[in-house]
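Structure assessment
Residue strings, one per chain:
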Amino acid sequence: MTVENSGRTTISAHDIEDVRRGFMLVLAAPSGAGKGTIANRLLADDAKLALSVSATTRAPRATEEHGVHYQFLESDEFERKIKANELLEWAKVHDNYYGTPREPVDASLSAGKDILFDIDIVGVRQLQRQAREDVVAIFVLPPSIAEMQARLEGRGDDNEAAIKRRMQTAIDEVSGWQDFDYIVVNDDLDNAVKTVQSIIASERLKRIRLPKLAQKMDGMIADLEASIAK
Ligand code: 5GP
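Please read these numbers as outputs of a predicted model, since none were measured by experiment.

In total, this model carries 21 salt bridges according to the counting rule given. We note a salt bridge from Arg80 to Glu86, for which the minimum N-O separation is 3.2 Å. For Arg80, a relative accessible area of 38% corresponds to the partly exposed category. Residue Glu86 is classed as partly exposed on the basis of its relative accessible area of 30%.

This is the structure:
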């Protein structure tokens, strides 16, 4: 069989990366599970992954910068954003509003960039309700509660009462594990990072994120038909 006029369509792994839609990566974990460290490693190693900057009404901490860690807003401005539907999700945590501005997320997803979220479980569920296929939710588990407590104590950020409060919050967090797509145990940091990176790599190839591949696929099918017609 001759195939002179067929095989005109070519495709590379880059083409797939170029046409795909981004996704929302949610990493959740009880404090002390190592989520922050994993998130920082992912962001440092991956130019296609950016952190979503939330809006909040809580006061900035000494090390925090407006527009980098959060958009720090007054309550009335936050409430205006809720009414104007400018937030993809929002929640009240410890008497303060927290929410995800919609516009930068929409722009990143259509540009094929993935966004990492550091939001609470209420926010995760809202994202899943609105855009299930665009959300990849990973729950990071410590190897044991004793280990988690030891990490919190070793970190030295909190006094005993604050650690107790974090352990109390962890009950709700761990109880929500069934809302997640993947469970990653962080008993070894390097392994946990690699595991999350492999989940990201697989999610990037999901067919549902590749609607723009249709033209290439039609081209390949046409090439096949042409090769048979010869
Ligand atoms: P912190 O005040 O310590 O920065 O954050 C407090 C809690 O609010 C954390 O559990 C954090 O994940 C959550 N949070 C931060 N930003 C958002 C957001 O945009 N939406 C929701 N739902 N929760 C958020």
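Structure shown, so let's carry the discussion forward.
Glancing now at the UniProt feature "binding site: ATP" (unreviewed entry) in the chain. Within this structure's numbering, the places UniProt gives as "binding site: ATP" (unreviewed entry) are Ala29, Pro30, Ser31, Gly32, Ala33, Gly34, Lys35 and Gly36. Residue position: Ala29 is located in the loop between β1 (24-28) and α2 (35-45). Residues contacting Ala29, with those up to four places away along its chain left out, are Lys35, Phe139, Val140 and Glu173. Inspection of the secondary structure puts Gly34 in the loop between β1 and α2.

Taken together, 14 residues lie around the ligand, and Ser54, Arg58, Tyr70, Glu89 and Tyr98 are the ones closest in. Separating an oxygen atom of the ligand from a side-chain N or O atom of Tyr98 is a distance of 2.5 Å. Contact distances for the ligand include 2.8 Å between a nitrogen atom and a side-chain N or O atom of Asp120. In the complex, 83% of the free accessible area of the ligand, which totals 510 Å², lies under the protein chains. Sorting the residues of the shell around the ligand by element identifies β5 (87-93) and β6 (96-101) as the ones contributing at least two each. Its residues placed into classes, the shell around the ligand shows 5 nonpolar, 4 polar and 5 charged.

Moving on, we come to the sheet that holds strand β7 (residues 114-117). Spatial strand order, β2-β7-β1-β8-β9: 5 strands in an open sheet with parallel pairing. Of all strands in the sheet, those with a lone pairing partner are β2 (49-51) and β9 (182-185), marking the two edges. Neighbouring strand axes in the sheet, compared pairwise and without regard to direction, differ in orientation by 25 degrees on average. Inspection of the sheet shows β1 paired to strand β8 (residues 135-141) by 5 bridges, in the parallel sense.

Definitions and limits used
- Residues numbered from 1 in each chain as written.
- Predicted model: local features only at pLDDT ≥ 70, side-chain atom pairs only at ≥ 80, totals over all residues.
- Heavy atoms only, no water.
- Salt bridge = Lys/Arg side-chain N within 4 Å of Asp/Glu carboxyl O.
- Buried < 20%, exposed > 50% of the residue type's maximum accessible area, 1.4 Å probe, protein only.
- UniProt positions renumbered as here; feature names shortened; annotations may be inferred.
- Helix = DSSP H or I, 4+ residues; strand = E, 2+ residues; numbered from the N terminus.
- Contact = heavy atoms within 4.5 Å.
- Near = heavy atom within 4 Å.
- Polar contact = N/O pair within 3.5 Å; in protein donor to acceptor, adjacent residues only side chain to side chain.
- Areas by Shrake-Rupley, 256 points an atom, 1.4 Å probe, with all protein chains shown as cover.
- Nonpolar A, V, L, I, M, F, W, Y, C, P; charged D, E, K, R; others polar.
- Pairing = 2+ DSSP bridges.
- Axes fitted to C-alpha atoms, helices over the stretch in contact; angles between N-to-C directions.

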